[in-house]
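# Architecture at a glance
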Amino acid sequence: MANHKKKIFLLADSLVDLRFVYEVLLKSYDVKWVFYNKKLKNDFLKLGYNKNDLIFVNKLNFLDFLKKIIFRIFKIEKFNYQNLLIRNIKKIDQNLKPDLWITDTGNILSKVEIETIKTTFKHSVPYKKFFLSENIFDYDYVFIPGEYHFNRIINFYKHKKTELKKKLMISPSPKILPYMKLKKDLENKKDFCKKYSLDPSQKIVVLATTYNSFKNQRFLPENFGEETLALKILCEIIAIKKKFNFIIKLHHYHFDKILNSRYSFLNDFKNVHIFKSNKNYDSLDSEEVFFQSDFVITDTSGVGPLCCYLDKKMIYLNPDPPFDWNSSDIEKDMRPGFILDKLSNASEIFDQYIKTPEAFSIERKKFTQSIFKYLGENSLDVFIYNIKKILNEKN
């Protein structure tokens, strides 16, 4: 009798985090991608993935299509795509009967009520509340990057300590996996600068903030003043005064904001590049941007922990109130870098890093070791072990 491989379905927000998880699992399991961002298919095919392993879940049947048109014409309400996703994922689970679901996000699969085991990596390791969100209790297992998160979650939900001890599994973080696997491919700074029209002889500054640290969908703090003017001042400091390269890489939820004509002044700056984000999901090109950076300006995003792992010189922006550090995934005092609380201090911070290049280097290393337990490519064996353990417990 044939020994059929167990089926694992990856519900993917993007390819960035689950790409190497897929390649590792494929050796032992029948693995399918379930995705809802239609354009993501191009990324799958670019990497040579089998078309038969791809399942697009965001399909509208005739009634859905009709409902969408009626909503649009009569402006009754917005068509609820999330309900569509939940229904279609449940249908896929019933028809194809996978043994395990793994997702790189927390929200969608948490709402799908199925008997199949559900697990999540979540797609980032941010400062803001993410792993501490209550939707972790809608999963059978939650993969976390290290003991810090284990203790943080246990202490936050003390009344559910017993449940969490079984649910939380410390595993290699898919957030840093690409940099372990692609290090040699990412090392050529000259080619990178040519691609983005930057000066290879100068240092690279990246601005990368998340979509909800600041009020009114801003990507810079409110106290920096009018946003276009604040960004212009930042460009003048970085590209003109310091003569650095500057890459503006906004969260993909802000994908079209900087394309507004109000930001056309950015075209006048030499060595300033606007990273073209995808509309609704993270791009594979993100990896090389962070790898090649020298300085990174960020907020409560997962960019901070990732770039500490990459040993970049960090500059943090304080989130706008009423941000609650007591319920954040990572504590306020665990930011190994300068805090840019006033725009006028930016030039001085760059000067301090140039004068003392080793500033915060020890703190970054300690932070990385605290957040990420597994830092080597050989640690992937731990992930395989955890998957086998989960599937064996099912039996």
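In this report, we go over the structure that sits alongside the text. (Residues numbered from 1 in each chain as written. Predicted model: local features only at pLDDT ≥ 70, side-chain atom pairs only at ≥ 80, totals over all residues. Heavy atoms only, no water.)

Looking now at the overall build of the chain. In terms of regular secondary structure, the chain is built from 15 helices and 13 strands. Relative to its length of 395 residues, the chain is compact, with a C-alpha radius of gyration of 22 Å against a globular reference of 21 Å. Overall size of the chain, expressed as C-alpha extent along the three principal axes, is 70 × 55 × 45 Å. Within the chain, the proportion of its 395 residues that are buried is 57%. Of all intrachain contacts in the chain linking residues separated by at least 6 positions in sequence, the fraction that spans at least 24 positions is 65%. Total accessible area on the chain stands at roughly 19500 Å², and carbon and sulfur atoms take up 49% of it. Averaging the coordinates of the 67 positive side-chain charges in the chain and doing the same for the 48 negative ones gives two points 3 Å apart. (Helix = DSSP H or I, 4+ residues; strand = E, 2+ residues; numbered from the N terminus. Rg over C-alpha atoms; globule rule 2.2 N^0.38 Å. Buried < 20%, exposed > 50% of the residue type's maximum accessible area, 1.4 Å probe, protein only. Contact = heavy atoms within 4.5 Å. Areas by Shrake-Rupley, 256 points an atom, 1.4 Å probe, with all protein chains shown as cover. Lys, Arg positive; Asp, Glu negative; His and termini not counted. Charge placed at Lys NZ, Arg CZ, Asp CG, Glu CD.)

On to the packing of helix α10 (residues 227-241) against helix α13 (residues 346-355), then. Packing of α10 against α13 brings their axes to within 10 Å, and their N-to-C directions diverge by 35°. From α10, Leu234, Ile237, Ile238 and Lys241 reach across to α13, where they touch Ala346, Ser347 and Phe350. Counted by class, the contact of α10 with α13 contains five nonpolar, one polar and one charged residues. (Axes fitted to C-alpha atoms, helices over the stretch in contact; angles between N-to-C directions. Nonpolar A, V, L, I, M, F, W, Y, C, P; charged D, E, K, R; others polar.)

Reading across the sheet, the six strands line up as β10-β9-β8-β11-β12-β13 and stay open at both edges, with parallel pairing between neighbours. Of all strands in the sheet, those with a lone pairing partner are β10 (272-274) and β13 (338-339), marking the two edges. Of the strand pairs in this sheet, strand β9 (residues 245-248) and β10 are connected by three bridges, and their pairing is parallel. Bridged to Phe246 within β10 is Val272. (Pairing = 2+ DSSP bridges.)

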